[in-house]
Number of protein chains: 2
Amino acid sequence: MSLKVGLGNRSYPIHIGHDLLSDTNQLKNAITSQQVMVVTNKTIADIYLQPLLNKLSEIGIKTLDTCILPDGESYKTFDTVNQIFTALLEKGHNRQTQLVALGGGVIGDMTGFAAATYQRGVDFVQIPTTLLSQVDSSVGGKTGVNHPLGKNMIGAFYQPKSVLIDTKSLETLPEREISAGMAEVVKYALLGDESFLGWIEAHAEKLMSLDGPSISHAIARSCRMKAEIVAEDERESGVRALLNLGHTFGHAVESHLGYGQWLHGEAVGLGLLMAADLSWRLGYIEQAEVKRIEILLEALKLPTVIPAEMTEEHFMSYMARDKKVVHQRLRFILLKSVGDAFIADDVPLETLKETLNAQKFGA
Amino acid sequence: MSLKVGLGNRSYPIHIGHDLLSDTNQLKNAITSQQVMVVTNKTIADIYLQPLLNKLSEIGIKTLDTCILPDGESYKTFDTVNQIFTALLEKGHNRQTQLVALGGGVIGDMTGFAAATYQRGVDFVQIPTTLLSQVDSSVGGKTGVNHPLGKNMIGAFYQPKSVLIDTKSLETLPEREISAGMAEVVKYALLGDESFLGWIEAHAEKLMSLDGPSISHAIARSCRMKAEIVAEDERESGVRALLNLGHTFGHAVESHLGYGQWLHGEAVGLGLLMAADLSWRLGYIEQAEVKRIEILLEALKLPTVIPAEMTEEHFMSYMARDKKVVHQRLRFILLKSVGDAFIADDVPLETLKETLNAQKFGA
């Protein structure tokens, strides 16, 4: 199935299907340059690179190069992106080249940033291979890298030419990565669609076992919600900020533990629960709803307690640096109700600290 | 005087005047955030930073930080831009911050790139202090840094919110920098306005001695030509390429000698002459016109011979990596006549080599 991110002359399609990458017509429509560099990491390359290169040769691409990066969020740095630039320059790639991001969110973010900035901008195509990147980072044009002082602090808004989601690639993922992806799926439900939350609860087991129709529906529903929000607010001046539900807390956890200790989705899962807890403490949602979210996260095998080594002070120092700080005030995305998120600029520090110190959420 | 770069909702004004930076109203209109970081280099900081900071305090800017970078094209690297990111993060600057580029083209290009990519984009204002940056790089939104394998290979198209050109700042420049800036002024005349070329010839001496009305006219005419071309073709898919007249040759000289040996404008000046020589060899312009250009460059104290250590092979290897390579063919901007440049994709290699080996141009 296909859907569209509507952004005027920068609109692009998202194609979702099982074994999509074997479909030469799909590849031919997506990859339009005769000069291509596929960017991936070592882990992905072992499984998917050669079959993809074979297909790309089959559709007649003349200059076909690859750039294989080290695997992991700890390598999401400018130095790693610079490896892409060096490879492109060594092979003589010019402005007509097209980059293909084959991998998870880290590969997509770095390849997108390389595309945004190589010779001031070349085309790129996203082929996300993890559930997390399929439902989140491959759509919407946020690209970039981490800085030692903060996550995603360097980057650009830069849209791909198309996104190809092959659900077959999920079959080789560790279960922990499926859980991490499901955290973002739950996020969409919490921020804008309570009935979708009910559907996820009813299908949690099927989703974790990668039942085909279930996982396709979860991806398509998530991508559609993200596409609608991005079309409305590409550069995050308004409603797009809702997509950060759970992320302010989550980024603090990721930064403190060091990128790569918890998966991004795991940190976001905990962040969702903390946002729900804070929403409850501020009187927006019921105690039982915090519990409901906790139970769902547990069913999806996601962590639901703050790492023992993290204190209130740790959270506060990371959050002060977060991009979501506006005019020196902490901004949170909270739940007015389940399925209805909003931006809160005026969270009392005392209530925030209760959430940061909670041994148990919603209690 | 003021003119406008017309780019829809990204349009911006260019203000030109003597002692413009003492005018608090101009600064107030240009710098609209309460959170500002001025980026400059050591050389500029000694002369201009404190007066500017005083004025910015006077107009009531609350958070006012500075970032002082090392001086020179050899520092136009991502590592130097990273110093800006680190300073911004250490001082807690968020997406509402505004960067001010105070300096020449290198500072403008790096600050613009930092603005384009810090937290995926913040506003910036250009205050160019060299003639070269006033007539060229501060207008048009090309930002970026060099890569060891090529000049300006990493960057973004990102427009400033406004450009403030204070001609008083030219008074402290070495003569060599005035010459370098004049090379770009001559470029505009050659590519699109023969009568302007006649005006430059008639005012060469006045321009070199920084006669006020003459230099203001030269800057304004150059900016207006650039603004018109950029408005027509922001991302260089067509007519904007004409602004690269002289640059294919010039970049090869800069790259080969190592950035900073010849000033950019000096390399461009030689490049203009080489482009004229090649245009003559291909039958477009008269031999006498090559000579006319050479005489003008000499009057402006610009180099007019290829550095002795550079061979044909050196040029060829640098030009093959240039962004202006399209589908593996060398693209040159040539002169159909003086004041009328065009894009040539089909230059015979033999004729090109004659220009690269010329002991004397137009002969």
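The coordinates are above.
Residues numbered from 1 in each chain as written. Chains lettered and ligands numbered in written order. Predicted model: local features only at pLDDT ≥ 70, side-chain atom pairs only at ≥ 80, totals over all residues. Heavy atoms only, no water.

Trainee: Tell me about the interface of chain B and chain A, and please be specific about residues and values.
Mentor: Across the contact, 33 residues belong to chain B and 34 residues belong to chain A. In this structure, A:Arg95 engages B:Glu236 in a salt bridge whose closest nitrogen and oxygen atoms are separated by 3.4 Å. Linking chain B with chain A are 12 residue pairs in polar contact (both at pLDDT 80 or more). Breaking the side of chain B that touches chain A down by element, the ones donating at least two residues are helix 3 (78-90), helix 4 (105-117), strand 7 (142-147) and strand 8 (150-157) of chain B. Of the residues in the side of chain B that touches chain A, the class split is 14 nonpolar, 12 polar and seven charged. (Contact = heavy atoms within 4.5 Å. Salt bridge = Lys/Arg side-chain N within 4 Å of Asp/Glu carboxyl O. Polar contact = N/O pair within 3.5 Å; in protein donor to acceptor, adjacent residues only side chain to side chain. Helix = DSSP H or I, 4+ residues; strand = E, 2+ residues; numbered from the N terminus. Nonpolar A, V, L, I, M, F, W, Y, C, P; charged D, E, K, R; others polar.)

Trainee: Could you give an account of the sheet that holds strand 2 (residues 12-17) of chain B, naming the residues involved and the relevant values?
Mentor: Residues and elements named next belong to chain B. Strand order across the open sheet formed by seven strands is 1-2-9-6-5-3-4, with mixed pairing between neighbours. The sheet is open, and its two edges are formed by strand 1 (2-5) and strand 4 (63-69), each paired on a single side. When strand polarity is set aside, the average angle formed by the axes of neighbouring strands in this sheet is 20°. Across the sheet, helix 3 lies against strand 3 (35-41), strand 4 and strand 5 (98-103), angled at about 155° from strand 4, the strand it touches most. Strand contacts of helix 8 (residues 212-232): strand 1, strand 2 and strand 9 (162-166), with the helix running at about 20° to strand 1, the strand carrying the most contacts. (Pairing = 2+ DSSP bridges. Axes fitted to C-alpha atoms, helices over the stretch in contact; angles between N-to-C directions.)

Trainee: Tell me about the relation of the copies chain B and chain A, residues and numbers included.
Mentor: Note on the copies: chain B fits chain A at an RMSD of 0.0 Å, the axial shift is 0.0 Å, and the rotation between them is 180°. The relationship between the two copies is best expressed as a two-fold rotation axis. By C-alpha distance to the rotation axis, the residue of chain B lying nearest is B:Phe78, at 4.2 Å. Mapped onto chain A, 100% of the interface residues of chain B are again interface residues, and the two copies thus contact each other with one and the same surface. (Least-squares fit on C-alpha atoms with pLDDT ≥ 70 in both.)

Trainee: Which residues make up the environment of B:Leu257, and what values do they have?
Mentor: Residue and element names in this part refer to chain B. Along the chain, the position of leucine 257 falls in helix 9 (residues 247-257). Taking relative accessible area as the criterion, leucine 257 reaches 19% and is therefore assigned buried. Separated by 91 residues in sequence, leucine 257 and aspartate 166 have C-alpha atoms that sit 32 Å apart. In contact with leucine 257, not counting residues within four places along its chain, are Trp262, Pro307 and Glu309. (Buried < 20%, exposed > 50% of the residue type's maximum accessible area, 1.4 Å probe, protein only.)

Trainee: Tell me what's going on with the packing of helix 9 of chain B against helix 10 (residues 264-281) of chain B, and back it up with residues and numbers.
Mentor: All names here are of chain B. Contact geometry of helix 9 with helix 10 gives a least axis separation of 7 Å together with a crossing angle of 135°. Looking at the two axes, helix 9 sits oblique to helix 10. Crossing handedness for the pair helix 9 and helix 10: right-handed. Across from His247, Phe249, Gly250, His251, Val253 and Glu254 in helix 9, the residues of helix 10 making contact are His264, Ala267, Val268, Leu270, Gly271, Met274, Ala275 and Leu278. Among the residues making up the contact of helix 9 with helix 10, the classes are represented as eight nonpolar, five polar and one charged. (Parallel < 35°, antiparallel > 145°, perpendicular 65-115°, else oblique. Left-handed = near helix turned anticlockwise from the far one by under 90°.)

Trainee: So, helix 10 of chain B: which residues are in play, and what are the values?
Mentor: Residue and element names in this part refer to chain B. Along its 18 residues, helix 10 runs 25 Å from first to last C-alpha, staying within 8% of the 26 Å computed at 1.5 Å per residue. In terms of residue burial, helix 10 counts as a mostly covered element, since 16 of its 18 residues are buried. Positive backbone phi, approximately 90°, marks glycine 283, located one or two places after helix 10. (Expected span 1.5 Å × (residues − 1).)

Trainee: Summarise the environment of A:Ser209; cite the residues concerned and give the values.
Mentor: Residue and element names in this part refer to chain A. Assignment of secondary structure puts serine 209 in the loop between helix 7 (194-208) and helix 8 (212-232). By relative accessible area, serine 209 is classed as exposed at 53%. Linking serine 209 and glutamate 175, residues 34 residues apart in sequence, is a C-alpha distance of 8.8 Å.

Trainee: An account of the nonpolar core is needed here, citing residue identities and associated values.
Mentor: With 82 residues, the main nonpolar core has A:Ile200, A:Met319 and A:Leu352 as its most contacted residues. Domain assignment of the residues forming this core places at least three in each of domain 1 (2-172) and domain 2 (175-356) of chain A. Among all residues touching A:Ile200, those that are not within four sequence positions of it are A:Met182, A:Val185, A:Val186, A:Ala189, A:Leu207 and A:Leu296. Counting 80 residues, the second-largest nonpolar core is a separate cluster that includes B:Ile14, B:Leu273, B:Leu278 and B:Leu334. (Core = buried A, V, L, I, M, F, W, Y, C linked by side-chain atoms within 4.5 Å. Domains from an automatic or database assignment.)

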